[in-house]
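# Summary of the model geometry
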Amino acid sequence: MASVLKSDEVESFRQVLVDLRARLRGDLDQMTDEALRRDQPDSSGNLSNVPLHMADVGTENYDQEFTLGLIENEQGTLEQVYEALDRINAGTFGRCQECDEPIARPRLQALPYTRHCIQCARELESRG
Ligand SMILES: [Zn+2]
């Protein structure tokens, strides 16, 4: 079973998460700009005007749709990064939110913002 993280280990994960947050924010700004620049001459910068379903857009909008899909993914990841940083501040980082057991280090190294240990992640996935 994995052991609880030491404070210097938590610190190094904090650094990884802060870097990841900065990178994701930069990517999102850039992609949002690119997506909105196309076919949105009078956009107010609000994503809610953009059709989000594949059926609503023609193939010429595929690139935009693709970019918006990436934005959604990255936004989801960014939210998880924020939550992980909150958990670091709360002192609960590295523990599974489901079973409260420490998450294995290799999993944290691969996915520092993960909320669940591998067992719970698999179970949640199979449950849908
Ligand atoms: Zn778990």
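As the structure is a computational prediction, the values presented were derived from the model and not from experiment. (Residues numbered from 1 in each chain as written. Predicted model: local features only at pLDDT ≥ 70, side-chain atom pairs only at ≥ 80, totals over all residues. Heavy atoms only, no water.)

For the rest of this paragraph, the subject is the UniProt feature "zinc finger region: dksA C4-type" (unreviewed entry) in the protein chain. Under the feature "zinc finger region: dksA C4-type" (unreviewed entry), the UniProt entry names residues 96–120. Secondary structure within residues 96–120 divides into 36% helix and 0% strand; the distance between the first and last C-alpha atoms comes to 8 Å. (UniProt positions renumbered as here; feature names shortened; annotations may be inferred. Helix = DSSP H or I, 4+ residues; strand = E, 2+ residues; numbered from the N terminus.)

Another point: a nonpolar patch on the surface. Together, Y62, F66 and L70 line one region of the surface with nonpolar side chains, adding up to about 290 Å² of accessible area. Examined against the element boundaries, F66 turns out to sit in helix α2 (residues 62–90). (Patch = residues over 30% accessible without salt bridge, like charges linked within 9 Å, V, L, I, M, F, W, Y side chains within 5 Å. Areas by Shrake-Rupley, 256 points an atom, 1.4 Å probe, with all protein chains shown as cover. Salt bridge = Lys/Arg side-chain N within 4 Å of Asp/Glu carboxyl O.)

The next point concerns the packing of aromatic side chains. In the structure shown here, the tally under the stated rule is one aromatic pair. Ring centres of F13 and F93 lie 5.5 Å apart, and the angle between their planes is 50°; this geometry places the pair in the tilted category. Of this pair, F13 sits in helix α1 (residues 7–37) while F93 sits in the loop between α2 and α3 (105–110), and the two are 80 residues apart along the sequence. When sorted by exposure, F13 lands in the same class as F93, which is buried. (Phe/Tyr/Trp six-rings, centres within 6.5 Å; stacked < 30°, edge-to-face > 60°. Buried < 20%, exposed > 50% of the residue type's maximum accessible area, 1.4 Å probe, protein only.)

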